[in-house]
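Spelled out, the chains give:
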Amino acid sequence: MKKFLLLLILLLFLQVPPLFSAEIEGIYFNDDYDVNNIKLSVRGYAVFNYMLVIKAYAGALYLPSNLSPSLALSETPRIIELHYFHEISAEDFRVSTIEMIKRNTTPEEFLKIEPTINTFNGFYKRVKSGDRYRAEYHPLKGTTLYLNGKSLGLVKGGEFSKAFFSIWIGKKPIDKKFRDRLLGLKK
């Protein structure tokens, strides 16, 4: 009887699906998030290599499951989650955020959202290997930045969110292969 119960328990564990199906280089991401009763599913995930050789971070993008990748920057909820492999200073985040948003906006668009960028940049903290930033946008609320699950702050504005998420999924992203993998266009 004990052997039968042990076998039954073992079979049950073998049939339980894994908690995370999104895994890359040993880093696991949630399959989905719930944002104000809207389910966002992982669309894609990838590793970003800085200067082609330095593994900087692994990232995952979450969107409504029925949303076309071409609408990822529209007024829709979205999340990007980044798992860092190296320590990065808050100042480095601030500088690169400004640089990448300038790259993805016109000078007029940048000036319009610059105060919001400055507020958001004040949320950044130093990260160490293993830390995670998550940026979550909800059209009715704004963009919230989390570090290891703890909210650091919220800014309002769809224009800011579009510019911020363009860093990874815009026309001039930090890396086109990384963008295409996040959007689920490439494996």
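Here, the structure is the one placed above.
Residues numbered from 1 in each chain as written. Predicted model: local features only at pLDDT ≥ 70, side-chain atom pairs only at ≥ 80, totals over all residues. Heavy atoms only, no water.

Asks: Hey, could you run me through the pairing of strand S5 (residues 54-63) in this one?
Replies: Within a regular beta strand, the side chains point alternately toward one face of the sheet and then the other, so they alternate between its two faces. Burial within S5 is extensive, with eight of its ten residues counted as buried. For strand S4 (residues 38-50) and S5, the ladder comprises nine bridges, and the chain directions are antiparallel. When the sheet's bridge partners are listed, Gly44 is paired in S5 with Leu61. Across six bridges, the pairing between S5 and strand S6 (residues 78-84) is antiparallel. Bridging from a neighbouring strand, Tyr62 pairs with Ile79 of S6. (Buried < 20%, exposed > 50% of the residue type's maximum accessible area, 1.4 Å probe, protein only. Helix = DSSP H or I, 4+ residues; strand = E, 2+ residues; numbered from the N terminus. Pairing = 2+ DSSP bridges.)

Asks: Could you clarify how one ought to interpret the packing of aromatic side chains in this entry?
Replies: The geometry of an aromatic ring pair is captured by two quantities: the separation of the ring centres and the angle between the planes. Under the defined criterion, the tally for this structure stands at 17 aromatic pairs. A centroid spacing of 5.2 Å and a plane angle of 35° characterise the contact between Phe48 and Tyr57, whose relative ring orientation is tilted. Tyr57 carries the same exposure label as Phe48, and that label is buried. Residue placement shows Lys55 over the ring face of Phe85; its charged tip is 4.8 Å from the ring centre. (Phe/Tyr/Trp six-rings, centres within 6.5 Å; stacked < 30°, edge-to-face > 60°. Lys NZ or Arg CZ within 6 Å of the ring centre and 35° of its normal.)

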